Amino acid sequence: MGLLDFLKKQSAGEKNAVPEPIHVHEKKLTVFAPATGRGVALADVPDPVFSGGVLGEGYGIWPEEGVIYAPVSGVVSATTPTMHALGLTSKDGLEILIHVGVDTVEMRGDGFISFVKQDEEVKAGQPLMSFDLKKIHAAKHPEVIIIAITNTSELAGVTPVEPTEKIEAGAPILCVSAKAAN
């Protein structure tokens, strides 16, 4: 089932429909775009906690569609009851937070569907959640998807790709340099 079929099923009331995974050409210490949309520098995300780098280096995507795909292979390390955010720990040890929208916790899960649970192993490109862009917009929340590497301080560096008008889900967005072992 492609994304259009998934969206048709969702609008027809089939809320448990899960979109097909996307193909990701995995590369060590690389984080891939979890959605298709307009890429923005983390500093330009309209949330001071994220844009200030408090939770680590990262990237923002103004999404075109309401599906989040795993940006790495690893384990779901954190979930929220409101389903607006989740954490992943990659096989490389990267701790990644994916946050859909700004202040969307206030929506109390309305418009969000999770396809995974805590401690579940996931593969890069696997659908993790869906969200309703119209509901987020109607609730007057910025719809930006925020990807932050929360253990940035343990790394030698995080290099984001240049912001672009269109970034495809599965494209590399962050390249990480691990600290040398002591």
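Heads up: these notes are all about the structure in this document. Remember, it's a predicted structure, so these values are computed and weren't measured experimentally. (Residues numbered from 1 in each chain as written. Predicted model: local features only at pLDDT ≥ 70, side-chain atom pairs only at ≥ 80, totals over all residues. Heavy atoms only, no water.)

1. A closer look at the overall build of the chain
Across its full length, the chain carries 3 helices and 13 strands. Taking all 182 residues of the chain together, 48% fall into the buried category. When contacts within the chain are restricted to residue pairs at least 6 apart in sequence, long-range pairs at least 24 apart make up 70% of them. With the model as given, the accessible surface of the chain reaches about 9000 Å², and the carbon-plus-sulfur share is 52%. (Helix = DSSP H or I, 4+ residues; strand = E, 2+ residues; numbered from the N terminus. Buried < 20%, exposed > 50% of the residue type's maximum accessible area, 1.4 Å probe, protein only. Contact = heavy atoms within 4.5 Å. Areas by Shrake-Rupley, 256 points an atom, 1.4 Å probe, with all protein chains shown as cover.)

2. Considerations on the pattern of salt bridges
A side chain with one charge can pair with a side chain of the opposite charge if their charged atoms come near. Across all of its chains, the model carries 5 salt bridges by this definition. Here E26 and K123 are joined by a salt bridge, their closest N and O atoms 3.5 Å apart. Remark: K123 occurs in the loop between β9 (121-122) and β10 (127-131) and E26 occurs in the loop between α1 (3-11) and β1 (30-32); sequence separation between them is 97 residues. Judged by relative accessible area, which is 38%, E26 ranks as partly exposed. You can call K123 exposed: its relative accessible area is 53%. A cluster of three or more residues bridged by salt bridges with shared partners is formed by E64, K166 and E168. (Salt bridge = Lys/Arg side-chain N within 4 Å of Asp/Glu carboxyl O.)

3. Let's talk about the sheet that holds strand β8 (residues 112-114)
Sheet strands pair via backbone hydrogen bonds, and the direction of the pair is either parallel or antiparallel. Spatially, β4-β10-β8 is the arrangement adopted by the 3 strands of the open sheet, whose pairing is antiparallel. Taken across any chain shown, the strands that pair with only one partner, and hence form the sheet edges, are β4 (67-69) and β8. Adjacent strand axes in the sheet meet at a mean angle of 15°, parallel and antiparallel pairs treated alike. Judged from the 3 bridges that link them, β8 and β10 form a sheet pairing that is antiparallel. For I113, the partnering residue across the bridge sits in β10 and is S130. (Pairing = 2+ DSSP bridges. Axes fitted to C-alpha atoms, helices over the stretch in contact; angles between N-to-C directions.)

4. Topic: the environment of E121
Mapped onto the secondary structure, E121 falls in strand β9. Those residues in contact with E121, other than ones at most four positions away along the chain, are G74, V75 and Q126.

5. Section: the pairing of strand β3 (residues 57-63)
With 5 of 7 residues buried, β3 lies mostly within the body of the structure. Here strand β2 (residues 37-41) runs beside β3; their pairing, made up of 5 bridges, is antiparallel. Its bridge partner being in β3, V40 is matched across the sheet by G60. Of the strand pairs in this sheet, β3 and strand β11 (residues 145-149) are connected by 5 bridges, and their pairing is antiparallel. For Y59, the partnering residue across the bridge sits in β11 and is I147.

6. Topic: the environment of K123
Distance from K123 to K91, taken between C-alpha atoms, is 10.0 Å for residues 32 residues apart in sequence. The contact partners of K123, leaving out residues within four places of it in the chain, are E26, A70, V72 and S73.

7. Focus on the sheet that holds β1
Strand order in the open sheet made by the 3 strands is β1-β13-β12, with antiparallel pairing throughout. Edge positions in the sheet fall to β1 and β12 (155-160), since each has one partner strand and no second. Averaged over all neighbouring strand pairs, the angle between strand axes comes to 20°, with direction disregarded.

8. Some points on the nonpolar core
Across soluble globular proteins, you tend to see nonpolar side chains buried next to one another. Of all hydrophobic cores here, the largest spans 33 residues; its most connected members are V31, I68 and L128. Of all the secondary structure elements, the ones that give two or more residues to this core are β3, β6 (85-90), β7 (95-100), β10, β11, β12 and β13 (172-178). One finds L42, L97, V144 and I146 within the second-largest nonpolar core, a separate group that totals 10 residues. (Core = buried A, V, L, I, M, F, W, Y, C linked by side-chain atoms within 4.5 Å.)

9. Overview of a nonpolar patch on the surface
A surface patch of nonpolar side chains, amounting to about 230 Å² of accessible area, comprises V49, V54 and L55. Assignment of secondary structure puts V49 in helix α2 (residues 48-51). (Patch = residues over 30% accessible without salt bridge, like charges linked within 9 Å, V, L, I, M, F, W, Y side chains within 5 Å.)

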